[in-house]
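Architecture at a glance
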2 protein chains.
Amino acid sequence: MPRTRSTPSAPGPVRLGPDARAALRPAAVGIDPGFWHARRATNAHASIPQGPGLLESAGNLHNLRLAAGKDTGEFRGAYPFVDTDVYKWLEAAAWQLAQTPDDDLAGEVDRIVALVAAAQQPDGYLNTWFQLVKGGERYQDLRWGHELYCAGHLIQAAVAHHRATGSSELLDVAVRFADHIDSVFGPPGSGRPIDGIDGHPEVETALVELYRETGERRYLDLAAYFVDRYGHGLLGGEAYCQDRVPLREATNVEGHAVRQLYLLAGATDLATETGDAELRAVGERLWRAMTATKTHLTGGLGAHHDEEDFGDPYELPTERAYCETCAAIASIQWSWRMALLTGEARYSDLIERTLYNGFLAGVSLDGERWLYVNPLQVRDGHTDTGGDQSARRTRWFRCACCPPNAMRLLASLEHYLASGDDTGLQIHQYVSGLYTAEGIAVRAETDYPWHGTIRLTVEETPADRPWTLSLRVPQWCRDIRVRCAGQPYDSSASEGWLRLERTWSPGDEVVVELTLEPRLTAADPRVDAVRGCAAIERGPLVYCLEQVDHPGGGLDDIVLDPTRPLAVKHRPDLLGGVTTVVAAGRRRDIPDHGWWPYTATDTTTDAPDDGDPVELTAIPYYAWANREDGGMRVWLPLS
Amino acid sequence: MPRTRSTPSAPGPVRLGPDARAALRPAAVGIDPGFWHARRATNAHASIPQGPGLLESAGNLHNLRLAAGKDTGEFRGAYPFVDTDVYKWLEAAAWQLAQTPDDDLAGEVDRIVALVAAAQQPDGYLNTWFQLVKGGERYQDLRWGHELYCAGHLIQAAVAHHRATGSSELLDVAVRFADHIDSVFGPPGSGRPIDGIDGHPEVETALVELYRETGERRYLDLAAYFVDRYGHGLLGGEAYCQDRVPLREATNVEGHAVRQLYLLAGATDLATETGDAELRAVGERLWRAMTATKTHLTGGLGAHHDEEDFGDPYELPTERAYCETCAAIASIQWSWRMALLTGEARYSDLIERTLYNGFLAGVSLDGERWLYVNPLQVRDGHTDTGGDQSARRTRWFRCACCPPNAMRLLASLEHYLASGDDTGLQIHQYVSGLYTAEGIAVRAETDYPWHGTIRLTVEETPADRPWTLSLRVPQWCRDIRVRCAGQPYDSSASEGWLRLERTWSPGDEVVVELTLEPRLTAADPRVDAVRGCAAIERGPLVYCLEQVDHPGGGLDDIVLDPTRPLAVKHRPDLLGGVTTVVAAGRRRDIPDHGWWPYTATDTTTDAPDDGDPVELTAIPYYAWANREDGGMRVWLPLS
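Since the structure is predicted, the reported quantities are computational estimates derived from the model, not experimental observations.

1. A word on the overall build of chain A
Looking only at helices and strands, one finds 15 helices and 22 strands in chain A. Over its C-alpha atoms chain A spans a radius of gyration of 25 Å, differing by no more than 12% from the 26 Å that the globule rule assigns to 639 residues. Across its three principal axes, chain A shows a C-alpha extent of roughly 75 × 75 × 50 Å. A total of 639 residues make up chain A; the buried ones form 65% of that total.

2. A closer look at the packing of aromatic side chains
Residue and element names in this part refer to chain A. Per the stated rule, a full pass over the model turns up 52 aromatic pairs over all chains. For the ring pair Trp-336 and Tyr-416, a centre distance of 6.1 Å and an interplane angle of 55 degrees mean the geometry is tilted. Here the residue Trp-336 occupies a position in helix H13 (residues 325–342), and Tyr-416 occupies one in the loop between helix H15 (402–411) and strand S3 (418–421), the gap between them amounting to 80 residues. Classification of Trp-336 by relative accessible area gives buried; the value is 0%. Among the aromatic residues, those joined into a ring-pair cluster are Phe-35, Trp-36, Tyr-356, Tyr-430, Tyr-448, Trp-450 and Tyr-622. Over the ring of Tyr-125 we find Arg-138; its NZ or CZ atom is 4.0 Å from the centre of that ring.

3. Re the pairing of strand S13 (residues 519–523) of chain A
Within a regular strand, side chains alternate between the sheet's two faces. In terms of burial, S13(A) is a largely internal element, 5 of the 5 residues being buried. Of the two faces of S13(A), the one lined by A:Arg519, A:Thr521 and A:Ala523 and the one lined by A:Leu520 and A:Ala522 are each fully buried. Examined bridge by bridge, S13(A) and strand S14 (residues 533–538) of chain A share 3 bridges and lie antiparallel to one another. Bridging from a neighbouring strand, A:Leu520 pairs with A:Ile536 of S14(A). Two elements, S13(A) and strand S19 (residues 598–600) of chain B, share 3 bridges in a ladder whose sense is antiparallel. Bridged to A:Thr521 within S19(B) is B:Ala600.

4. Details of the pattern of salt bridges
This structure, assessed with the given rule, holds 98 salt bridges over all chains. Measuring nitrogen to oxygen at the nearest pair gives 2.7 Å for the salt bridge that ties A:Arg248 to A:Glu278. One end of the pair, A:Arg248, is in the loop between helix H10 (217–229) and helix H11 (257–274); the other, A:Glu278, is in helix H12 (residues 277–293), with 30 residues separating them in the sequence. When its relative accessible area of 44% is taken as the criterion, A:Glu278 is described as partly exposed. Salt-bridge contacts for B:Glu213 lead to B:Arg163; the nearest nitrogen and oxygen are separated by 2.6 Å.

5. So, the relation of the copies chain A and chain B
Least-squares fitting of chain A to chain B yields an RMSD of 0.0 Å, with the superposition described by an axial translation of 0.0 Å and a rotation of 180 degrees. Accordingly, the operation relating the two chain copies is best matched by a two-fold axis. Counting the interface residues of chain A, we find that 100% of their copies in chain B are interface residues as well, pointing to one common contact surface.

6. Description of the confidence of the model for chain A
Residue and element names in this part refer to chain A. The predicted model of chain A has a mean per-residue pLDDT of 95, with 97% of residues at 70 or higher. Below pLDDT 50 for its whole length, residues 1–9 participates in 32 contacts with residues either more than four positions away or in separate chains. As a predicted assembly, this complex carries a pTM of 0.95 together with an ipTM value of 0.94.

7. Structural notes on the nonpolar core
When a protein is soluble and globular, its nonpolar side chains tend to lie buried together. Among the nonpolar cores identified, the biggest contains 214 residues, and A:Val116, A:Phe359 and A:Leu469 are the most heavily contacted of them. When residues no more than four places from it in sequence are discounted, the contact partners of A:Leu469 are A:Leu425, A:Ile427, A:Val442, A:Leu456, A:Leu498, A:Arg499, A:Leu500, A:Trp504 and A:Val510. B:Val82, B:Ala119, B:Val208 and B:Ile329 belong to the second largest nonpolar core, which has 213 residues in total.

8. Observations concerning the sheet that holds strand S7 (residues 453–460) of chain B
Sheet strands pair via backbone hydrogen bonds, and the direction of the pair is either parallel or antiparallel. Residue and element names in this part refer to chain B. The strand order across the open sheet formed by 11 strands is S10-S9-S12-S7-S6-S5-S1-S3-S4-S8-S11, and the pairing between neighbours is mixed. Each edge of the sheet is formed by a strand with only one pairing partner; in this case those strands are strand S10 (487–489) and strand S11 (497–502). Here the average twist between neighbouring strands, direction ignored, is 25 degrees. With 4 bridges joining them, strand S4 (residues 424–427) and strand S8 (residues 467–472) adopt parallel strand pairing. Residue pairing in the sheet places Leu-425 in a bridge with Leu-469 of S8.

The rules behind these values
Residues numbered from 1 in each chain as written. Chains lettered and ligands numbered in written order. Predicted model: local features only at pLDDT ≥ 70, side-chain atom pairs only at ≥ 80, totals over all residues. Heavy atoms only, no water. Helix = DSSP H or I, 4+ residues; strand = E, 2+ residues; numbered from the N terminus. Rg over C-alpha atoms; globule rule 2.2 N^0.38 Å. Buried < 20%, exposed > 50% of the residue type's maximum accessible area, 1.4 Å probe, protein only. Phe/Tyr/Trp six-rings, centres within 6.5 Å; stacked < 30°, edge-to-face > 60°. Lys NZ or Arg CZ within 6 Å of the ring centre and 35° of its normal. Pairing = 2+ DSSP bridges. Salt bridge = Lys/Arg side-chain N within 4 Å of Asp/Glu carboxyl O. Least-squares fit on C-alpha atoms with pLDDT ≥ 70 in both. Contact = heavy atoms within 4.5 Å. pLDDT = per-residue confidence, 0-100. Core = buried A, V, L, I, M, F, W, Y, C linked by side-chain atoms within 4.5 Å. Axes fitted to C-alpha atoms, helices over the stretch in contact; angles between N-to-C directions.

Next comes the structure, spelled out in structure tokens:
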């Protein structure tokens, strides 16, 4: 068990307003050494410090200097939203500074904040693409221009910077831009010149945060206006832009996954701050439809490369799973808002699954390379097309949305783990660290996800009244045992929460045991892509096979024997230390069908149980693509 | 049996040159009433006559008038290759005129040919996009400009026009453009200013045809130069543009399917005319790799919407099968060239499969609406995105490559059915009509593909020497019986050919019986997308289920019972008259998994054999999407 101790961390995203109708209040966790502490250390020491250099070489900072009149040359970059890479990095750096003072990082932040401020136009507008390339064409291509999307990320960075440092330098920039937008956009009859929305939602959730940070109600109203103008054909009616159907009438998620999820995060923020029951019901309905019909096992979202689209219900391909890293992040952001709004555990179930799998796979173990898409299969004989959608980790992307997005999530991760309410403290995710809320402090010690024991010690407690320690029982968990003060405790959960109510004393100890038996998982039969397959899982982790662990043939002719037991082997030497799962399989002898691979079923002689036995070594999915190139499979055909 | 008689048709595409090294010589068939006669009548009476009006309303003819200085306004259309829609229509109309005089059609052709000629620039260059929109930027964006691609379709139209009408008006235009290209493009040291290739191959096969039509060897040399310059990074090295690897080194088809196939057609033409054995081996190798690992059951090609790409080996999704109609056409064109070059029957096996399924599905039964992509599944709850890739048939496309391409194939279909050589006549495809070659004429009478009987009568024969009537035994066929002059004949085939050698007399009759028992077909187990499924086939036809025939639920919860017999029912009332296959299935009772569709295998209670029996009515795949919208499935999960 780690012995280094942290204190609760600084403020983070989603600071609820005074009138918020949320069931739960976000709480802070000071993360101690362990699984996520290590990933966050890599984020702090490798990923974030490299940001300015990468933003310099990709041209983003150059563009800001040009817009500020401090340099000469041409706009660089392929997209009108390249400024957001800077904003997301600033947000990540701000959350990082909130936890750990760092003069070098603070200096970089100051330098870049000053550059952003200098690039802003006198009326508050700020977008280097339009200022440098499309002068005079503001807001004329809302479908593709991304101007409000960029404003949204600027606002989020500014809120983070203000919360983290107390400086209002960037917040002032954001307020000026928001006020400018508020003077331009509004419904017919409002006196504003443009009734419009951005092709890429994002400003909505940002404006709610700006309302939370400044108390200025106009920003909340503006967010509400934008949310309800989608789906009325202002952008041509395309699902891609969330414009096919009004959100309040939607029955499932659709279109570009990140756009849909950011819009839903904003709508959920609105429901939280305004008590809009219909909008809350929209969130509940679409979240359930999404998870039940359009979510990959890893929590990854998006089934089409084309248009980065959600696809149809149960259309969940493996090799073409898009599962953009940004969509995983957006899913976590939205689900956390739903968790706070409703108090229900399932939202944090999805967060856990996404964090450990669909999200974390996007970041290399060394924090220096990234995946934009996160497929569940790379075939034998795959021809890598290179580019942003490569199955090889990439130093930086042409469309570099994912890396700084991952940085900001990791840097603020402690704000997605716990909550409090009038009954006490809720632990949503199990990490080593100090959970604090409502005058309560509970220390957790665990080697989760490798081991299932979580030791919880009450460090601070109100002296003379009972309160409830609520523990999320993971959706995947089939056996949980709890001892409280040395005695077995009734471990029956209700709606995903195990609630321990008593009058606590400092030093009281609760020991939770989550069974981490590896298991085989099958999909709903309508998920055609994985018919006849199983996936290996253990605890919150999805596992996969990689070619490098299986010499002597490809992966696509391997079948798994589900009747043989799965064995667990911890490998401290492998991939930064992982627990592997060892399974029994065979290499199929596939008959040579000649030039035509389709055969009458009554002449099919495939005998999948034939072939040589092969020991299968499954690694956690998040760690794939950190060694040599080659095939990978999550779903394994059964013999 | 139909009794109307046709005579052999006019010239068509692929007229071999005097030095060609082909094993077979193309032969003509006069098609009598029957399956293809009806489709060609629709092409002649509905599709082709509507072409000029559609090309007018889409702006293509307007662009030519602008380029000719005969009109004012702006270029219309979204792509630099819109001229090819005109050229492909002209080619279709020319082949049609070669068969049936038609003053109205001839008048339209004359008018549009004159317009094309008037739009040509003095030095021979012709491309309305560049002339009108990108003045002075010729050949500066070969990756996307499509200038040589457009030239290729112009040349093919001109060759067709010349062969069909004897007029050299369009051929002169094509020759001037080809001479211009020949003066501009060439290898370093050739004195030509540009060493380059077009991002979209097509001009190569066209130049070989121009060589065949004019006898001018320079066009053959130019085609050879282009073919061998792919794969050397001249276009940035992308597989999309066929530029990742030289064709002679390739091991499988890759990149944009139509581009790959047109390039291979050109390479095969070259191998045929020059005797280049290496290029022939390339064709054999890539054709086999394509069919064995990258071809859908329908003959459709292309697994990715994104980049219209072939995808990886065995990556053959159902709902996202791209299977562009143009790729099916290109596959037929290439395979026919391979069939002539090698004399091997398997190339015509693929042609048959593609004609009846992957190609024909692209054309509506009324000849007035089209599919650009031809998926093998439309899910319950599918959200149609509209646009060119819609699963609903569309009157015309923004990128209207497919409709006139289908018209030109149907109008020249009789040239893909038979061949001759020194041994006699080869029948590749079974249609009612008169097969003629080498002084031989054989009349075929059949209701194929609905019935398996083909009655062949010798009408003309050399008097005093034996010759061989070669009949392709379809790859799908498990039982063929032949009676020759009333006597059973040894029906053992060799390499797909049943060869009947004898001295024939006029009136000799051969009766072929192909067993048309419906069958269930399974895929190689590496085709993950259809694991645990079967498809219904009968003869050359792939079948599918449509929602409209299965009220009371969706298609995605239906399973097929493979132990129950398949029944055949001819339905003259349905879809223009089709033979349906009736099968036994059930509607699965799929348990409600709540919000998460993945379950531990040992708790899975799915019992796919439960559920209500349902009679399944399968229709030929080519006829789908001609009634109301709804789900469709080719591959059916087995109970």
